[in-house]
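Here's the letter readout for the chains.
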Amino acid sequence: MERYPHLKESDPDVYALIQKQTDYEATTLKMIASESFASFSVLEACGSTLTNKYAEGYPGARYYEGNEIVDDVESLAIARARKLFGCEHVNVQPCSGSPANQAASRAVMNHGDKVMGIPVTDGGHLTHGWKVNFSGKDYVQVPYTPDPQTGRIDMDQVREIAKKERPRMIWAGTTAYPHQLDYKAFAEIAREIDAYLVADIAHINGLIIAGVHPDPVPYCDIVTSTAHKMLRGPRAGFILSKIEDRLRPKYYPESKLNLAQRIDRTVFPGLQGGPHLSIIAAMAVAFKEADTESFRDYGRQIVKNAKHLAAALQNRGIELAGGGTDTHLLLLDFRKEEFTGKDMSQALAKAGIIANFNLVPGDHRSPFVTSGVRLGTPALTSMGMKEPEMEKVAAWIDRVRNKVNRIDEEAPKIRAEIAELCGQFTIPGIR
Ligand code: DSN
């Protein structure tokens, strides 16, 4: 069946661009660590008539009439997320990860409070206190970083900084860190200084569901996430939390609201208006898809693929920050090379391997060029690629590495080989 027949007729320009991007993604290796492929079902729910409905408020308490059915949609998404993550409370209304993180911050902090997080340049996220973001303007970031020598977060150092600075909130979350996080240790530190502990699991939610990464839910006050990335849902955010606020007597002695109520009120009406119900429906679909053995297989295989790719690259003499990976991502470390991370990521893209340049621990180059390239395995794993394909990917990366600044002749050959390999796999939401 032809896709988008109405769009094709009414707006051939937009239709052609969508087709072009789809073909591009179907013939190249999507190795941006934060991307994967949403299923046809998720995409259909995103494009459904639910986009027409306004429903300010929450199920059972809306400011518009006619919301009985969409109440069921939102309640279903919440129930599925609660089961999937085993948490007490869920808010599925944040439009994406950054609004979810803004809501989490505002629900537990006041303007000017200290927030502890990893700077963007060291593998954190913009919303964890970075200076150009709301989180660095409204709050004061207390930074902690992976050790420049080992590339690992040292929990003794985190404790030392936390005890000295006494932030009101601690972020446990990363976007470019190839190792697992020790939420139990973070929780002990947060309790020692009466700080809220918030995990951002946008990158690794699928690994947690698959049981190949520690679960933050038992240890954290709040857990935020996106629904896209590894989870393969729509572009959206959600917030998991405890219901009660263990720090209410200290920070909110006058308040009648518990933590769950404060989060809900911060999202709406604090930050957003009408929830995006088509997207919430697509989240419900993604939560159902993720609550299956085949999704857990996918989560396990993501890590196996990343480890295999890491070893195959190391066998070819490519260095990895942190010495390898136990998650979904790898940081190729080119500090000793004459070319930059940006040179390499651009050469890779010409050859059909789509990734991003990234700072590595101890980087001497600027964030605009860097010495690293971040690679992730979720999308390739969604296509069904396994260890034998990771060998091929490593060989292609090595070929690019050997000709970074004179890739133009070699790139079309590699790109054709990659397109040929991609053609052998099913791609969720594409074919
Ligand atoms: N843009 C995401 C990433 O690539 O890690 C973070 O939100």
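In case you missed it, the structure is sitting above this.
Report follows, based on the coordinates.

Rules used in this analysis
- Residues numbered from 1 in each chain as written.
- Predicted model: local features only at pLDDT ≥ 70, side-chain atom pairs only at ≥ 80, totals over all residues.
- Heavy atoms only, no water.
- Pairing = 2+ DSSP bridges.
- Helix = DSSP H or I, 4+ residues; strand = E, 2+ residues; numbered from the N terminus.
- Axes fitted to C-alpha atoms, helices over the stretch in contact; angles between N-to-C directions.
- Core = buried A, V, L, I, M, F, W, Y, C linked by side-chain atoms within 4.5 Å.
- Buried < 20%, exposed > 50% of the residue type's maximum accessible area, 1.4 Å probe, protein only.
- Contact = heavy atoms within 4.5 Å.
- Phe/Tyr/Trp six-rings, centres within 6.5 Å; stacked < 30°, edge-to-face > 60°.
- Lys NZ or Arg CZ within 6 Å of the ring centre and 35° of its normal.
- Right-handed = clockwise from strand over helix to strand, strands pointing away.
- Expected span 1.5 Å × (residues − 1).
- Salt bridge = Lys/Arg side-chain N within 4 Å of Asp/Glu carboxyl O.

**Side note on the sheet that holds strand β9 (residues 222–226)**
- Ordered by their spatial adjacency, seven strands build an open sheet running β4-β10-β9-β8-β7-β5-β6, and the pairing between neighbours is mixed. Pairing within the sheet leaves two strands with one partner each, and these edge strands are β4 (89–91) and β6 (140–143). Each neighbouring strand pair of the sheet contributes to a mean axis angle of 25°, computed without reference to strand direction.
- Of the strand pairs in this sheet, strand β5 (residues 114–117) and β6 are connected by four bridges, and their pairing is parallel. Opposite K114, over in β6, you have V140 as the bridge partner.

**As for the nonpolar core**
- Among the nonpolar cores identified, the biggest contains 64 residues, and F85, V92, I170, Y183, F238 and F287 are the most heavily contacted of them.
- Broken down by element, the residue count for this core peaks at ten residues, all from helix α12 (residues 277–290).
- Leave out the neighbours within four places in its chain, and Y183 touches A172, L197, A199, I201, I204, I208, H213, P214, D215, P216, Y219 and C220.
- Core analysis: the second largest hydrophobic core is formed by 43 residues, M31, A312, V373 and L380 among them.

**Some words on the packing of aromatic side chains**
- Tallying each qualifying case throughout the model produces ten aromatic pairs.
- Considering the side-chain rings of F334 and F339, the 5.1 Å spacing of their centres and the 55° angle between planes classify their relative orientation as tilted. You'll find F334 and F339 in the same group, each marked buried.
- Ring pairs connect the aromatic residues Y58, Y63 and F268, which therefore count as one cluster.
- The aromatic ring of F37 is capped on one face by K30, whose charged end is 5.0 Å from the ring centroid.
- Seen from the ring of Y252, R262 lies directly overhead, with NZ or CZ sitting 3.6 Å from the centre.

**Concerning the pairing of strand β8 (residues 196–200)**
- Of all five residues making up β8, five are buried, and the element is well covered by its neighbours.
- In β8, alternate side chains face the same way, and those of Y196, V198 and D200 on one face and L197 and A199 on the other are all buried.
- The handedness of the strand β7 (residues 169–173) to β8 crossover, carried by helix α8 (residues 183–192), is right-handed.
- Pairing analysis gives three bridges linking β8 to β9, with the strands arranged parallel. Of the residues in β9, the one forming a bridge with A199 is V223.

**Describing helix α13 (residues 293–315)**
- Compared with an ideal rise of 1.5 Å per residue, which puts 23 residues at 33 Å, α13 spans 33 Å between its outermost C-alpha atoms and is within 8% of the ideal.
- Contact partners of the buried residues in α13: α9 (205–209), α12, β11 (329–333), β14 (372–376), α15 (378–382) and α16 (387–402).

**Remarks on the environment of Q261**
- Positionally, Q261 belongs in helix α11 (residues 259–271).
- A sequence separation of 154 residues divides Q261 from A107, and the C-alpha atoms of the two residues are 9.2 Å apart.

**Overview of the pattern of salt bridges**
- Within the structure shown, the criterion is met by 30 salt bridges.
- Ionic pairing is found between D71 and R62, a salt bridge with its closest N-O pair at 2.7 Å. For the pair D71 and R62, one class covers both residues: buried.
- The closest approach of N and O atoms between R401 and D398, which form a salt bridge, is 2.7 Å.

The values reported here are purely geometric and, on their own, carry no functional implication.
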